[in-house]
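One-letter residues, chain by chain:
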Amino acid sequence: MMGIFRRGILPMLLAAVALPAMAQERSITVASTTSTEQSGLFGHILPIFTRETGIAVRVVALGTGQALDVGRRGDADVVFVHDRAAEERFVAEGFGGPRRHVMFNDFVITGPTADPARIAGLGDTAEALRRIAAARAPFISRGDRSGTHAAELRLWQLAGVDPATGRGQWYREVGQGMGPSLNTAAAQGAYILADRGTWLSFRNRQDQRILIEGDTRLFNQYGVMLMNAQRHPHVKAADGQRFIDWLLSAAGQAAIASYRINGEQLFFPNADKAEPVS
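Residues numbered from 1 in each chain as written. Predicted model: local features only at pLDDT ≥ 70, side-chain atom pairs only at ≥ 80, totals over all residues. Heavy atoms only, no water.

Engineer: Please provide a residue-by-residue account of helix α6 (residues 125–135), values included.
Structural biologist: Within α6, burial applies to Thr 125, Ala 126, Ala 128, Leu 129, Ile 132 and Ala 133. What you see down the axis of α6 is that its buried residues fit within an arc of 160°, all on one side. Against β4 (100–112), β5 (139–141), α7 (147–159), β7 (191–195) and β8 (208–212) lie the buried residues of α6. Two or three places before Ala 126, at the opening of α6, Asp 124 has a side-chain oxygen 2.9 Å from that residue's backbone nitrogen. Of the residues flanking the end of α6, it is Arg 136, one or two places downstream, whose phi is positive at about 50°. (Buried < 20%, exposed > 50% of the residue type's maximum accessible area, 1.4 Å probe, protein only. Helix = DSSP H or I, 4+ residues; strand = E, 2+ residues; numbered from the N terminus. Arc of directions from axis to C-beta. Contact = heavy atoms within 4.5 Å. Polar contact = N/O pair within 3.5 Å; in protein donor to acceptor, adjacent residues only side chain to side chain.)

Engineer: For the side chain of Thr 36, give the residues involved together with the corresponding values.
Structural biologist: With respect to the element layout, Thr 36 can be found in helix α2 (residues 34–38). Setting aside its immediate chain neighbours within four residues, Thr 36 contacts Leu 41, Phe 42, Met 103 and Tyr 222.

Engineer: Account for unusual backbone geometry, naming residues and giving values.
Structural biologist: Working note: non-glycine residues mostly have negative phi, and peptide bonds are mostly trans. For the bond running from Gly 97 to Pro 98, omega is 0°, close enough to zero to count as cis. Within the secondary structure layout, Pro 98 lies in the loop between α5 (84–92) and β4. With a phi close to 55°, Arg 118 is a non-glycine residue in the positive phi region. At Arg 136, a position not held by glycine, the phi torsion is positive, near 50°. Mapped onto the elements of the fold, Arg 136 is located in the loop between α6 and β5.

Engineer: Got a sec to walk through the environment of Ala 271? Specific residues and values, please.
Structural biologist: Tracing the chain through its elements places Ala 271 in the segment after β12 (268–269). As for Ala 271 and Val 102, which are separated by 169 residues in sequence, their C-alpha atoms are 4.6 Å apart. Residue contacts for Ala 271: discarding those within four places in its chain leaves Arg 100, His 101, Val 102, Leu 248 and Gln 253.

Engineer: Requested: an account of the pattern of salt bridges, with residues and values cited.
Structural biologist: Using the criterion set out here, one finds 16 salt bridges in the structure. Across the pair Asp 239 and Arg 26 runs a salt bridge, and its minimum N-O distance is 2.6 Å. In this pair, Asp 239 is assigned in helix α10 (residues 237–248) and Arg 26 in strand β1 (residues 26–33), connecting sequence segments 213 residues apart. Accessibility expressed as a relative area gives 35% for Arg 26, which makes it partly exposed. As a salt-bridge pair, Glu 173 and Arg 167 come within 2.7 Å of each other at their nearest N and O atoms. For Glu 173, a relative accessible area of 36% gives the class partly exposed. One salt-bridge network, held together by shared partners, links Asp 69, Arg 72, Glu 93 and Arg 145. (Salt bridge = Lys/Arg side-chain N within 4 Å of Asp/Glu carboxyl O.)

Engineer: Provide a residue-level description of the nonpolar core, including the pertinent values.
Structural biologist: Within the largest apolar cluster, 39 residues are counted, with the highest numbers of intra-cluster contacts made by Ile 45, Phe 80, Val 102, Met 103, Phe 243 and Leu 247. Take this core: its biggest share by element is six residues, from helix α3 (residues 41–53). Leave out the neighbours within four places in its chain, and Phe 243 touches Ile 28, Val 30, Leu 46, Phe 49, Val 57 and Val 78. Counting residues in hydrophobic clusters, the runner-up holds 24 residues, among them Ile 109, Leu 129, Trp 156 and Tyr 191. (Core = buried A, V, L, I, M, F, W, Y, C linked by side-chain atoms within 4.5 Å.)

Interpretation note: all reported values are geometric properties and have no functional meaning in isolation.
So this is what it looks like as structure tokens:
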């Protein structure tokens, strides 16, 4: 009789006790750019947030444009991205907000040590791009509507160059995230615009190195927004706001600042800044 109890009723009783605990598990979905994921930042800060709040975070890592589309569909509670113009349109359209600064880093242009376009050390990113185009040197574009892709297109426009004229020749769009795009650039000995965080965490550098950095036009600001629960009632607004509040708090900002690779800080918190440094 005791054996039947152990084999039959006891497991059911234990399952019944577990169900309420499972039902009480809290989680949110954050749609974010690939750089926050592939740089390792989320792997560093999200366990800290979960330990402090009991709220698990599921990340959907896409290019910024796609991440904002996930938010528009109501398939995320929070978006955490880096294309300010696109973010402000998103807020104006009523999908979420307000938009808040979280942190920044910068973009760099990497390329082969041989540097066929002779751009190494230039302080002017636009001039570097003009030289790449003039040399018809291979350049890898993410081509994925990401924040990095949007920044790249703005820089080409600033340089007065239409890279589409070289599409399929020296200008190659891969439609992938930052890590795979860096792999392609390394394999092809090509130039690429990358966020510094992902570059620092990238291991397959082969002959690639940073050639352009430090131009103020390479500034890269990240913002965060809560989805509009009036538009999508299923949005977990309270827990999503808890995540945002934590990111902007002293604890969250300290967690971001503490993430380093080989002693180098990847992201710099600036939640207290009304406008990005430029």
